[in-house]
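One letter stands for each residue in the lines below.
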Amino acid sequence: MSIYTEKMEKLHQLLTNKLREKFGDAISDILVHNDKNPEMSEITVVMDRSVVTEALTFLRDDPSFQFNFLSYLTAVDYLAMGRDVRFDVVYHLLSLTKAHRIRVRVPVPEDDPTINSVVGIWGTADFHERETYDMFGLIFQGHPDLRRILMPDDWEGHPLRKDFPLGGVKSFYFKRATNPHAGEPPNLVPRIRVQQSDI
Amino acid sequence: MELIAAPPTTAKPGTQEATGSLTIQAPENALTKTLSEALSYCRRNSIWPVMMGLSCCAIEMMGTASSRYDMSRFGAEVFRPSPRQADLMIVAGTVTKKMAPVVRRIYDQMTEPKWVIAMGACSSCGGMYNVYSVLQGVDEVVPVDIYVPGCPPRPEALIYGIMQLQKKLRQEPVHLFD
Amino acid sequence: MATKRVVEQTFGVGAAGMESMTINMGPQHPSTHGVLRVILELDGEVVTDTKTILGYLHRAKEKHAEFKTYHQFIPYTDRMDYLSPMSNNTAFVMTCEKALGIEITPRCKYLRTLLCELARISGHLLWLGTGALELGAMTIFMWAFKQREKLYDIFEYISGARFTVSYMRVGGVMRGDYPAWHDRVREFLDGYMAVQEEIEFMLNENELFLGRVRDIGIISAQDAIDLGLSGPCLRGSGVNWDIRRDMPYLAYDELDWEVAVETKGDCLARYFVRMKEMREAWKIACQCLDRLEKMQDEPVNISNNKVIFPPKENVKKSMEDLIHHFLLASEGLKIPAGEVYHAIEAPKGELGFYLVSDGGSKSYRLGIRSPSFTNLQGLHPMSKGMLLADIVAIIASLDPVMGEVDR
């Protein structure tokens, strides 16, 4: 067993003890991935969305974890896999002082796609939550400015949902999509440059 | 309209024989061109592009303008951030649906005469992004003169595109009083 | 703050009470590195508020990943941070390797490390060139591009493309390195340091340059961590964190190099961090090259042909290799169900891929943690109280690449 796996074992043990003790049944699972190559294993904590802010604040402030850096926040749509609870919000936490990572997964159902915002815990979440809202349509309650970030404001639908098509979306923005000069006064239409050989 | 009338003569300019006659004589190496042609020459050798770097192709466009490839050999190195001072729009990169109205607006702000080069696969036809957010070719919003293929095109390809545009301009008459 | 004092001296102390003005910058603006749009709220000439508007280059790479096999997605990673495609390639294939549980060969490790560091030099050179150009130094731009062209030649000699390389493969690389290529890299590395010293000589004590970057865009270490800044932006604020050293991948833990850290947190500190990183990258590249020259007899790719394409000459002779080739080309490699996150230290910061697989040959969901996207959040706290012209310097020091921001 290498140093890395030992460290992971220890972290897993600590997480199991402390989180279970503090949040009880709200922590539904703590997994260690990748049996194939233990050197590359990762820890995933699955928790209920009711405790997400408290648990993540605890993970940030507890001296044995010190997850002071939110690496990445995103979501996964499990529609095509046929899972009961459609979405997962996924947090990737990193500790700059202890140099370890964990992943926190929070299931969010389709009929009530809301979850508490973590902007108050890590400022990083600002853009990331806006992006997740834009792409998946999940509402982050308590976010100061939850608007679309990548798509235009009047876009319909949430592109990264599994029921959104890859291409072929009609560009309803351009009434002039086929003829760019339709409806313009004629003197504004750029000259059509045909090859003329009068020189 | 002839700029300088130069009848064939055997007299050497500046000599006694030449000064004695009344014909206006041009030096042997003078060019005789119409004014329209002269203006066309000036125009096609001073195409100023507008800065329209959208994505990856912009890096190659900058590479074309900088030390090794040196687009100024073709009179096209003066990149203008303001569309009002530009003749050419090199659409370098992917045009998304969010960006397309901006591209069109910048095109509208350019003064006539103006030309467009679609640089790279994305701005020519959408390229590898056949996807909900990407416009399938910038020719959906602006008229395009030259398409430069490649993902991204090499600087040589862009220079060839500019030369093709110059060739096209050569055949286009310049009207003095349009 | 120095700038505030200047304004008060110029416009009088009461200048703060004037009506505010809104200015739009971008998406077509020479100093926004592409299509970034910032809406600035000004009080006189002092910036009071900024709003960053993104998405003008949203090319839906994450959606694409759900429709392409893993090999087909490698070219898309090139076009994320298009200044250093080698790093993006490496990050993506290492995520796949982590999911598959593959260990790559030592020669491949050094080759990837070398190419990542060359990509770092190339990416930082563009930041240096355009950043200096925006602050009024044209010479640096020309010098930087001259070096970049040499780097492009090196990439072209090994991968066939100038910067959209698509060179890395899951389990190895497209084609191994060869002695003639080593000579080219050696030639570049020999000449490079003199150029950087000359550039530093031009800038480091140049009052015209220093006046534009010193004490501009300050961010504290605590704020930088809270906002998730990474890479040179984080290290410029005095946080001693580098994934290459603290969570080593590839061959970084076997090489001799240092992490560049500055404490002040302003644009000048970020400039010094990047300059030192280029020196360190040069150091790492030299060491990797030394080792690669002695490793020519070792294999570069792993031998598992269920993952990586077998050599073409074997395909023509061996039935088994032909089958592997056919399966890889038609179906693609399959990654067992599960999820994995892997991050590397790209030139801009922490570049991570979050891969969820359902066992098929396409990713079920591929999330991309792009450093530029997160770093751009720093623009708001950095630009508060600064002058309008300083925004240009701040954006340049954040060094966002819009292909990566909008993905």
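Residues numbered from 1 in each chain as written. Chains lettered and ligands numbered in written order. Predicted model: local features only at pLDDT ≥ 70, side-chain atom pairs only at ≥ 80, totals over all residues.

**Student:** Any details on the interface of chain C and chain A? Residues and values, ideally.
**Tutor:** Contacts between chain C and chain A engage 33 residues on the former and 30 residues on the latter. Looking at the side of chain C that touches chain A, the elements with two or more residues in it are α2 (61-65), α9 (221-226), β6 (338-346), β7 (349-357), β8 (365-369) and α15 (371-375) of chain C. Among the residues making up the side of chain C that touches chain A, the classes are represented as 14 nonpolar, 9 polar and 10 charged. (Contact = placed C-beta atoms within 7 Å. Helix = DSSP H or I, 4+ residues; strand = E, 2+ residues; numbered from the N terminus. Nonpolar A, V, L, I, M, F, W, Y, C, P; charged D, E, K, R; others polar.)

**Student:** Any details on the sheet that holds β8 of chain C? Residues and values, ideally.
**Tutor:** Residues and elements named next belong to chain C. Taken in spatial order, the 3 strands of this open sheet run β6-β7-β8, and their pairing is antiparallel. Each end of this open sheet is capped by a strand with a single partner; those strands are β6 and β8. Sheet twist, expressed as the average angle between the axes of neighbouring strands with direction ignored, equals 10°. Here 9 bridges tie β6 to β7, and the two strands are oriented antiparallel to one another. Opposite Glu339, over in β7, you have Val356 as the bridge partner. Sitting on the sheet, helix α4 (residues 85-100) is in contact with β6 and β7, with an inclination near 150° to β6. (Pairing = 2+ DSSP bridges. Axes fitted to C-alpha atoms, helices over the stretch in contact; angles between N-to-C directions.)

**Student:** I'd love a proper account of the nonpolar core, names of residues and values included.
**Tutor:** Of all hydrophobic cores here, the largest spans 221 residues; its most connected members are Met89, Val91, Val103, Ile117 and Met119 of chain B together with Ile394 of chain C. Sorting elements by how many residues they give to this core places helix α5 (residues 106-134) of chain C first, with 15 residues. Sequence-distant contacts of Ile117 of chain B, defined by excluding residues within four places in its chain, comprise Leu88, Ile90, Val91, Asp145, Ile146, Val148, Gly161 and Leu165 of chain B. (Core = buried A, V, L, I, M, F, W, Y, C linked by C-beta atoms within 7 Å. Buried ≥ 20, exposed ≤ 12 C-beta atoms within 10 Å, placed from the backbone.)

**Student:** Break down the packing of helix α3 (residues 56-65) of chain B against helix α6 (residues 155-170) of chain B for me, with residues and values.
**Tutor:** Residues and elements named next belong to chain B. Contact pair α3 / α6: the axes reach a minimum separation of 9 Å and the direction vectors enclose 75°. Considering their axes alone, α3 and α6 lie roughly perpendicular with respect to each other. Together, Glu60, Met61, Gly63 and Thr64 of α3 and Pro155, Leu158 and Ile159 of α6 make up the contact between the two elements. For the contact of α3 with α6, a count of residues per class yields 4 nonpolar, 2 polar and 1 charged. (Parallel < 35°, antiparallel > 145°, perpendicular 65-115°, else oblique.)

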